[in-house]
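Read off the chains here:
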Amino acid sequence: MTAPTTASSPLRPGRSANALGAVDLGLYGVTVFAWGASWIALKLQVGVVAPEISVLWRFAAGAAIMAVWLALSGKPWRFSLKTHLRFAAMGACLFCFNFLFFYYGAKTIPSGLLSVVFSTAAIVNLFLAALFLGAPIGARTLFAAALGMAGVGCLFWPEIVGAELNWAAVGGLGYCLLGTLFFCVGNVVSAGTQQRGIPVLSANAWGMAYGSLILAVLGLVRGQDFIVEPTAAYLLSLAYLAVVASVVAFASYLTLLGRIGAGRAGYVTVMFPVVALAISSVFEGYSWSLVAGVGVVLALSGNLLILTGRPKS
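What you see is a predicted model; the values in this text were computed from it and never measured.

Reading guide: rules and limits
Residues numbered from 1 in each chain as written. Predicted model: local features only at pLDDT ≥ 70, side-chain atom pairs only at ≥ 80, totals over all residues. Heavy atoms only, no water. Helix = DSSP H or I, 4+ residues; strand = E, 2+ residues; numbered from the N terminus. Buried < 20%, exposed > 50% of the residue type's maximum accessible area, 1.4 Å probe, protein only. Contact = heavy atoms within 4.5 Å. Areas by Shrake-Rupley, 256 points an atom, 1.4 Å probe, with all protein chains shown as cover. Salt bridge = Lys/Arg side-chain N within 4 Å of Asp/Glu carboxyl O. Axes fitted to C-alpha atoms, helices over the stretch in contact; angles between N-to-C directions. Parallel < 35°, antiparallel > 145°, perpendicular 65-115°, else oblique. Left-handed = near helix turned anticlockwise from the far one by under 90°. Nonpolar A, V, L, I, M, F, W, Y, C, P; charged D, E, K, R; others polar. 1 Å grid on protein atoms, 1.4 Å probe; cavity = no way out; pocket = protein on both sides within 12 Å on 5 of 7 lines; lining within 4 Å. Points joined across faces, edges and corners; volume = space filled by probe spheres on them. Disulfide = S-S within 2.5 Å. Phe/Tyr/Trp six-rings, centres within 6.5 Å; stacked < 30°, edge-to-face > 60°. Expected span 1.5 Å × (residues − 1).

(A) Representation of the overall build of the protein within the structure. Within the protein one finds twelve helices and zero strands. The order of helices and strands in the protein, counted from the N terminus, is α-α-α-α-α-α-α-α-α-α-α-α. The buried share of the protein, reckoned over its 313 residues, is 50%. Here the contacts in the protein between residues at least 6 apart in sequence split such that 89% fall between residues at least 24 apart. As presented, the protein carries roughly 13,400 Å² of accessible surface, and 71% of it is formed by carbon and sulfur atoms.

(B) Representation of the pattern of salt bridges in the model. Going through the model one piece at a time under the given rule, you end up with two salt bridges. One salt bridge connects arginine 259 with aspartate 24, and the closest N-O pair in it is separated by 2.6 Å. Here arginine 259, found in helix α9 (residues 232–260), pairs with aspartate 24, found in helix α1 (residues 22–45); they are 235 residues apart in sequence, far enough to count as distant. On the basis of relative accessible area, arginine 259 is assigned to the partly exposed category, the value being 35%. Aspartate 24 gets classed as buried once you look at its relative accessible area, which sits at 7%. With a shortest N-O distance of 2.5 Å, glutamate 52 and arginine 222 are connected by a salt bridge. With glutamate 52 in helix α2 (residues 51–73) and arginine 222 in the loop between α8 (200–221) and α9, this pair connects stretches of sequence that are 170 residues apart.

(C) Representation of the packing of α2 against α8. The N-to-C vectors of α2 and α8 enclose an angle of 150°; their axes lie 8 Å apart at closest approach. Taken together, the axes of α2 and α8 are roughly antiparallel relative to one another. Considering only the axes of α2 and α8, their crossing is left-handed. Contacts between α2 and α8 involve Glu52, Ile53, Val55, Leu56, Phe59, Ala60, Gly62, Ala63, Met66, Trp69, Leu70 and Ser73 on the former and, on the latter, Leu201, Ser202, Asn204, Ala205, Met208, Ala209, Ser212, Leu215, Ala216, Leu218 and Gly219. Grouping the constituent residues of the contact of α2 with α8 by class yields 16 nonpolar, six polar and one charged.

(D) Structural detail: empty space enclosed by the protein. All chains considered together, the criterion is met by one cavity of 30 Å³ or more. Lining the largest cavity are Trp35, Ser38, Trp39, Leu42, Arg58, Phe99, Phe118 and Leu241. Per-element accounting of the lining of the largest cavity gives the leading share, four residues, to α1.

(E) Spotlight on the side chain of serine 202. Tracing the backbone shows serine 202 in helix α8. Non-local contacts of serine 202, meaning those with residues more than four positions away in its chain, are made with Leu70, Lys75, Pro76 and Phe79.

(F) Inspection of the state of the cysteines at higher detail. Under the counting rule described, the total for this entry stands at zero disulfides. No disulfide involves cysteine 93; its sulfur sits 9.0 Å from the nearest other cysteine sulfur, which is in cysteine 96. Owing to a relative accessible area of 9%, cysteine 93 belongs among the buried residues under this scheme.

(G) Looking closely at the packing of aromatic side chains. Applying the stated criterion across every chain, the model contains 21 aromatic pairs. Arranged with centres 5.8 Å apart and planes meeting at 25°, the rings of phenylalanine 101 and phenylalanine 182 form a pair that is stacked. Of the two residues, phenylalanine 101 is situated in helix α3 (residues 81–105) and phenylalanine 182 in helix α7 (residues 167–195); the sequence distance between them amounts to 81 residues. Between phenylalanine 102 and phenylalanine 118, the ring centres sit 5.6 Å apart and the planes meet at 70°, which makes this aromatic pair edge-to-face.

(H) Representation of α8. Relative to the 32 Å expected for 22 residues at 1.5 Å per residue, α8 spans 31 Å between its end C-alpha atoms, a close match to the ideal helical length. Immediately downstream of α8, the backbone of glycine 223 shows phi near 70°, a positive value.

What follows is the structure, given as structure tokens:
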């Protein structure tokens, strides 16, 4: 893993559009399949253990693995107080509230639909770029955003509207949109740490540690039981989420973000929902309808339209 070699922000539209190399394609593949399968694993975590505690176990285990990896790799682990504040912000966004809200959303929403909402990160990233970096939002971007959100609406229409309005599904969608927003803000923070030459491995290790600390405090404040569900489904899904979906996938994604920028790295959010929806169809019996099929096409088309737009200097 390497730090970015340019001072421009990964969210800035002027990023170079060089062809992807073998390493970049490998990082794409690992991230897409690791995160694509993670949504069904996340769904298996919901039930007996409180969401705050399940996410805590996930990232506490991830932080421990990252700490060992950090020690063996010889990467730096001592940083200034100002840098630790960045790590804490990154941990709160990427390794705490992002997934906490998705765990709450998973109580009422199939795993495949969770991934589609998360895929709107490609759209949110550009609006954050406009807000924080002054990047212009053109007609193409607005049209693509409208397509993406219309697609999400179509996908959730059968979940929300039945014999009567399903407020549980509405709330689940709201939780997932909040989780996506935290993920995108975390992208901004992560990009800033990489611009300062901080290795992804070091930032992730500290970020997961701070995220775990915040989750522990939340659990104590809310009076949650710090327990583990002693079932094969829970323990295996926890192991997958901690090792593959957290350590491996986040290291791959954030390294990719530093190498090629958030714009093109965002393609993973277009691809992994396809994997997640296929898994949901097989293991959860997700029922497809014409409206849902149109929703998938619209949501992914909106993301593709944004990500394939010609950058402006």
